[in-house]
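Here is how the chains run, residue by residue.
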Amino acid sequence: MSGTRKRNAHLDGFSSGASLGGKVSHYRDKENIYKQGTPAYTLFYIQEGGVQLSTRTKQHPSSVTAILGVGDFFGELCLAGYPLRVSTAVALAASSIRTIKKKKMLQMLRKKNKTSNSLVGYLLSSVKNYQDHVADLLTSSAEQRLARVLLRLAHLDKKGPEVVEIPVLSHQVLAEMVGTTRPRVNMFMNRFRKKGFIDYDGGLEVRQSLRKVLRSR
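Residues numbered from 1 in each chain as written. Predicted model: local features only at pLDDT ≥ 70, side-chain atom pairs only at ≥ 80, totals over all residues. Heavy atoms only, no water.

Participant: Looking at this structure, how should I read the overall build of the protein chain?
Facilitator: The helix and strand tally for the protein chain stands at 5 helices and 11 strands. For the protein chain, the proportion of contacts with a sequence separation of at least 24, taken over those separated by at least 6, is 75%. For the protein chain, the accessible surface area stands at approximately 12,000 Å², while carbon and sulfur atoms represent 54% of it. (Helix = DSSP H or I, 4+ residues; strand = E, 2+ residues; numbered from the N terminus. Contact = heavy atoms within 4.5 Å. Areas by Shrake-Rupley, 256 points an atom, 1.4 Å probe, with all protein chains shown as cover.)

Participant: Looking at this structure, I do not really get the pairing of strand β8 (residues 95–101). What am I missing?
Facilitator: The two faces of the sheet receive side chains in turn, since in a regular strand these alternate between them. Along β8, 5 of the 7 residues are buried, which leaves the element largely enclosed by surrounding structure. In this structure, strand β1 (residues 23–27) lies alongside β8, joined through 5 bridges in antiparallel fashion. Across the sheet, the residue bridging to K23 is T99, located in β8. In the sheet, strand β3 (residues 42–48) pairs with β8 via 6 bridges, with the strands oriented antiparallel. (Buried < 20%, exposed > 50% of the residue type's maximum accessible area, 1.4 Å probe, protein only. Pairing = 2+ DSSP bridges.)

Participant: Looking at this structure, I do not really get the side chain of H171. What am I missing?
Facilitator: Relative to the assigned elements, H171 resides in helix α4 (residues 171–178). Of the residues examined, H171 reaches a relative accessible area of 18% and is grouped as buried. Setting aside residues no more than four positions away along its own chain, H171 makes contact with R182, V185, N186, M189 and Y200.

Participant: In this structure, what is going on with unusual backbone geometry? I would like to understand it.
Facilitator: Comment: phi is negative for the bulk of residues other than glycine, and the bulk of peptide bonds are trans. A positive phi angle, near 70 degrees, is found at K30, a position not held by glycine. Considering the arrangement of structural elements, one finds K30 in the loop between β1 and β2 (32–34).

Participant: Is there a simple way to think about the sheet that holds β3 in this case?
Facilitator: Two orientations exist for strands paired in a sheet by backbone hydrogen bonds: parallel and antiparallel. Strand order in the open sheet formed by 4 strands is β1-β8-β3-β6, with antiparallel pairing between adjacent strands. Only two strands of the sheet have a single partner each, and these edge strands are β1 and β6 (73–74). Relative to β8, helix α1 (residues 102–110) is tilted by about 75 degrees, and along the sheet it contacts β3, β6 and β8. (Axes fitted to C-alpha atoms, helices over the stretch in contact; angles between N-to-C directions.)

Participant: Help me out: how do you make sense of the packing of α4 against helix α5 (residues 182–194) in this one?
Facilitator: Helix packing for two helices is described by the angle between their axes and how far apart those axes are. Viewed as axis vectors pointing N to C, α4 and α5 meet at an angle of 100 degrees, and their least axial separation amounts to 8 Å. Classified by the angle their axes make, α4 and α5 are roughly perpendicular. Here α4 contributes H171, Q172, L174 and A175 to the contact with α5, which in turn contributes R182, V185, N186 and M189. Tallied by class, residues from the contact of α4 with α5 come to 4 nonpolar, 3 polar and 1 charged. (Parallel < 35°, antiparallel > 145°, perpendicular 65-115°, else oblique. Nonpolar A, V, L, I, M, F, W, Y, C, P; charged D, E, K, R; others polar.)

Participant: Got a minute to help me understand the environment of L119 in this structure?
Facilitator: In this fold, L119 is placed in helix α2 (residues 114–139). The exposure class assigned to L119 is buried, which follows from its relative accessible area of 3%.

Participant: Would you mind going over helix α3 (residues 142–153) with me for this structure?
Facilitator: An α-helix turns once per 3.6 residues; consequently, residues spaced three or four apart project the same way. The terminal C-alpha atoms of α3, which comprises 12 residues, lie 16 Å apart, in line with the 16 Å expected from a rise of 1.5 Å per residue. Counting buried positions along α3 yields 11 of 12 residues, so the element is predominantly enclosed. Here α3 has its buried residues at A142, E143, Q144, R145, L146, A147, R148, V149, L150, L151 and L153. Positive backbone phi, at 55 degrees, marks H155, one or two positions downstream of α3. (Expected span 1.5 Å × (residues − 1).)

Shown next as structure tokens:
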């Protein structure tokens, strides 16, 4: 069996998320959690399952912007004063998600203790990951962008396990995240599998060796 998914290092102290307070709700596969444009006065913490975020604009149809898993927050832009949701959140599988009120979270951040430090670290890491993703879209090939997306979904850093299993995602979803077409994603995924960088065995196994794609520039 492959290795387990690595939790975000900033959130190791949260365990089940109980220290965050709030209420735990359960969502079915493909059930909406919130829609883009609705009021934003809460944020969410994933305890089980996964979540897909997608965003639409007047010029472009809805596209996937993030795939999140256990230990991830979403909806956190409400903390920065955004009054409305900037994306639509949908459960990728049966999921348990903790809902925390914005007011409560701001109070926690002001306490300057271990929990608040972890939260600040996570939020700063999220901003950096977003900036890195934008830079990838501008400077990397589609094949390299796909490799980075798979490594991030597996939470695989250079010091992590050799292999991590993640849920299988449709090639259309991956294409939207990478900014390319489904046929090209299909071609790259087949190439990755032939080279032993990934494998399918119920879930999708992502290996450290996938990093070789990032060095082929």
